[in-house]
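The chain contents come next:
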Amino acid sequence: MEVSPDQKTELDERGYLVVPDAIDEDELARLSCAFERAVTQGGTEHAPISETTPGADAWQRFAALPIVHAAARHILGRPFRVSQLHGRNPLPGYGQQGLHTDWPTRSPGSAYVVVTVIGMFDDFTQDNGATRVVPGSHLWTRPLPKSLAQPLAHHPQECIVTGKAGSVLVFNGHLLHSGTQNRSPQRRRAAQMVLLAQEVTR
């Protein structure tokens, strides 16, 4: 599977892509069940998913989604591996983070090394802690000012990424992003995965 020309343009220029219905209804139900089982059996929202995690087969199928791998191949241009996979569910009143990237600031002309993936198990809305991004910031090679890295700070170009349950957000890990505060009474469950270029150690 390959990303379409329009999807390539979004990844190249904005740095992120939302794929609606990337997870079908049956698989979404299995992943939601696996999420609840992991929490019930002592997992936390940031606990890594492993072969012993309840519903591990569903998590593994998520990690192997063809559109995710196609987007990662386009961004990285070389082999990659799953570095992290965990669940996240910011409770009402929580979830606000400062803007950040998932890798240190790149040098001009250097290659991208990281891709981040968020699978939406519930709808992502403006109010329930959805991810915010700064479009095009993956192209920057200067550090974010410390004042803008504070959780309550806002970048003038930021936007909140929304989507229906079953959607997947794939973005260049060098893109400025963060979670936002869940200001609703609703849960906002998701799978978060980091893909690293194969030769990179961390």
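Relevant structure appears above.
Rules used in this analysis
- Residues numbered from 1 in each chain as written.
- Predicted model: local features only at pLDDT ≥ 70, side-chain atom pairs only at ≥ 80, totals over all residues.
- Heavy atoms only, no water.
- Helix = DSSP H or I, 4+ residues; strand = E, 2+ residues; numbered from the N terminus.
- Buried < 20%, exposed > 50% of the residue type's maximum accessible area, 1.4 Å probe, protein only.
- Contact = heavy atoms within 4.5 Å.
- Axes fitted to C-alpha atoms, helices over the stretch in contact; angles between N-to-C directions.
- Parallel < 35°, antiparallel > 145°, perpendicular 65-115°, else oblique.
- Left-handed = near helix turned anticlockwise from the far one by under 90°.
- Nonpolar A, V, L, I, M, F, W, Y, C, P; charged D, E, K, R; others polar.
- Salt bridge = Lys/Arg side-chain N within 4 Å of Asp/Glu carboxyl O.

Mapped onto the elements, Ser184 comes out in the loop between strand 7 (177-178) and strand 8 (190-197). With relative accessibility at 13%, the residue Ser184 sits in the buried group. In contact with Ser184, other than residues within four places in its own chain, are Pro92, Asp127 and Asn128.

For the rest of this paragraph, the subject is the packing of helix 2 (residues 25-40) against helix 3 (residues 56-63). Between two packed helices, both the angle of their axes relative to each other and the distance between the axes serve to describe the pair. Two elements in contact, helix 2 and helix 3, have axes whose closest approach is 9 Å; the angle formed by their N-to-C orientations is 125°. If you check the angle between helix 2 and helix 3, you find them oblique. As helix 2 packs across helix 3, the resulting crossing turns out to be left-handed. Side by side, helix 2 and helix 3 meet where Glu27, Arg30, Leu31, Ala34 and Phe35 of the first sit next to Ala58, Trp59, Arg61 and Phe62 of the second. By residue class, the composition of the contact of helix 2 with helix 3 is six nonpolar, no polar and three charged.

Let's shift gears to the pattern of salt bridges. Enumeration according to the criterion identifies 12 salt bridges in this entry. For the salt bridge of Arg73 with Glu2, the shortest nitrogen-to-oxygen distance reads 3.8 Å. Pair noted here: Arg73 is in helix 4 (residues 66-76) and Glu2 is in the segment before helix 1 (5-14), with a separation of 71 residues, a long-range link. Since its relative accessible area comes to 36%, Arg73 is described here as partly exposed. With a shortest N-O distance of 2.8 Å, Glu158 and Arg132 are connected by a salt bridge. Taken as a pair, Glu158 in the loop between strand 4 (132-133) and strand 5 (159-160) and Arg132 in strand 4 lie far apart in primary sequence, 26 residues in all. Judged by its relative accessible area of 1%, Arg132 falls in the buried class. Linked through salt bridges whose partners overlap, the residues forming this network are Glu27, Arg30, Asp57 and Arg61.

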